[in-house]
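So the chains spell out like this:
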Amino acid sequence: MSFSDLREVPSLAEFPDHDLEVLAGIGRVLSFVPGSVIIEQGEKPRAAYILLGGEVDVVRRQTGGSRTRLGVLQPGAVFGAVALLDGGARAASCLASSAVRVMEFSGDDFQRLTSAATPLGARFLMAVCRQLVRDLRATNARMAELAGLSTL
């Protein structure tokens, strides 16, 4: 993958070309067909992802085996980061709902990127944080909707 492909990713829009070149050299591009499991709930984290194309359903398996759809990720979303940050098991599954392309960052590469005292490290960590804030706001809005409350 070239850095010009990454230039089209919304969450990386503020990154200079040099940073995108570095990211393109670190991550690897994977493709998934519809229905493929990208992340399985309960598994040990091994990577984080940036969604380059397609849509990903985030689902949680309930007791008894039923699944609840928590949301849909669009291109530019960073996902799989929470378990890498806190060391816990995956809280939900991520399934390709269409043909999907992602850039995968191994756990080691993700840790190096998010802890690097460099401008790239700071930008990458900020992109992860922005995604976590978007996810938190969406969760809060969904909880308020379910409770019949107005959102802030």
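Remember, it's a predicted structure, so these values are computed and weren't measured experimentally.

Q: Explain the layout of surface pockets here, please?
A: Once rolled over the atoms, a probe with the size of a water molecule shows which space is left empty. Its volume calculated, the largest pocket comes out at about 980 Å³. Along the walls of the largest pocket sit 36 residues, with V58, L70, A92, D135 and T139 positioned nearest its centre. When contributions to the lining of the largest pocket are tallied by element, the ones reaching two or more residues are β4 (56-61), β5 (67-73), β6 (78-79), α3 (81-86) and α5 (119-147). Of all the elements, α5 adds the most residues to the lining of the largest pocket, at 10 residues. Class assignment for the residues of the lining of the largest pocket results in 21 nonpolar, eight polar and seven charged.

Q: Sorry if this is basic, but what is going on with the packing of helix α2 (residues 17-26) against α5 here?
A: Helices that pack against each other are described as a pair by the angle of their axes relative to one another and the distance between those axes. Relative orientation of the contacting elements α2 and α5 amounts to 75°, with a least axis distance of 11 Å. By the angle between their axes, α2 is roughly perpendicular relative to α5. Contact with α2, carried on its side by D19, V22 and L23, involves L120, R123 and F124 of α5 and no other residues of that element.

Q: In this structure, what is going on with α2? I would like to understand it.
A: Since the α-helix turns once every 3.6 residues, residues separated by three or four places project in the same direction. For α2, the complete set of buried residues consists of D19, L20, L23 and A24. When α2 is viewed along its axis, its buried side chains cluster within an angular range of 140° and face the same direction. For α2, exposure combined with an orientation more than 90 degrees from the buried face picks out H18 and G25.

Q: How should I be thinking about the sheet that holds β5 in this particular structure?
A: What links the strands of a sheet is backbone hydrogen bonding, and the strands pair in either a parallel or an antiparallel sense. Judged by pairing direction, the sheet is antiparallel, and its four strands sit side by side in the order β2-β7-β4-β5 without closing on themselves. Single-partner strands in this sheet number two, and they are β2 (37-39) and β5. Taking each pair of neighbouring strands and ignoring which way they run, the sheet shows an average axis angle of 35°. With two bridges joining them, β2 and strand β7 (residues 93-96) adopt antiparallel strand pairing. Following the sheet pairing, I39 is matched in β7 by C94.

Q: Mind showing me how you'd approach the packing of helix α4 (residues 107-115) against α5 here?
A: Packing of α4 against α5 leaves a shortest axis separation of 6 Å and a crossing angle of 110°. On the basis of their axis angle, the class for α4 and α5 is roughly perpendicular. Across the interface between the two elements, F110, L113 and T114 from α4 touch L120, G121, F124, L125 and V128 from α5. Partitioned by chemical class, the residues of the contact of α4 with α5 number six nonpolar, two polar and no charged.

Q: What is the right way to look at the sheet that holds strand β1 (residues 28-32) in this model?
A: Ordered in space as β1-β8-β3-β6, the four strands form an open sheet in which the pairing is antiparallel. Two strands lie at the open edges of the sheet, namely β1 and β6, each paired on one side alone. Judged from the six bridges that link them, strand β3 (residues 47-53) and strand β8 (residues 100-106) form a sheet pairing that is antiparallel. Bridge pairing links G53 to R101 in β8.

Conventions we followed
All chains use their own residue numbering, which begins from 1 and follows the written sequence. Local features in this predicted model are restricted to residues of pLDDT 70 or higher, and side-chain atom pairs are both shown and tallied only at a pLDDT of 80 or more, whereas totals for entire chains, interfaces and linings draw on every residue. Side-chain calculation: all heavy atoms of the structure are included, whereas hydrogens and water are not. With a 1 Å grid laid over protein atoms only, a set of points is called a cavity when a 1.4 Å probe fits there but cannot get out and a pocket when it is open yet has protein on both sides within 12 Å along at least five of seven lines; lining residues have an atom within 4 Å of a point. Grid points are joined across faces, edges and corners, and a volume is the space filled by probe spheres set on the points. Counting from the N terminus, the helices are DSSP H or I runs at least four residues long and the strands are E runs at least two residues long. Three categories are distinguished: nonpolar for Ala, Val, Leu, Ile, Met, Phe, Trp, Tyr, Cys and Pro, charged for Asp, Glu, Lys and Arg, and polar for the others, with Gly belonging to the last. To obtain each axis, a line is fitted to C-alpha atoms, and for helices this fit is confined to the stretch in contact; angles are then taken between N-to-C directions over 0 to 180 degrees. The cut-offs work like this: below 35 degrees is roughly parallel, past 145 is roughly antiparallel, 65 to 115 is roughly perpendicular, and the gaps in between are oblique. A contact between two residues is defined here by any heavy atoms of the two lying within 4.5 Å. Think of it in three bands: residues with accessible area under 20% of the maximum for their type are buried, residues over 50% are exposed, and the middle band is partly exposed, with areas taken using a 1.4 Å probe on protein chains only. Note that the arc is computed from the directions linking the helix axis to the C-beta atoms. The pairing criterion is simple: DSSP has to find at least two bridges between the two strands.

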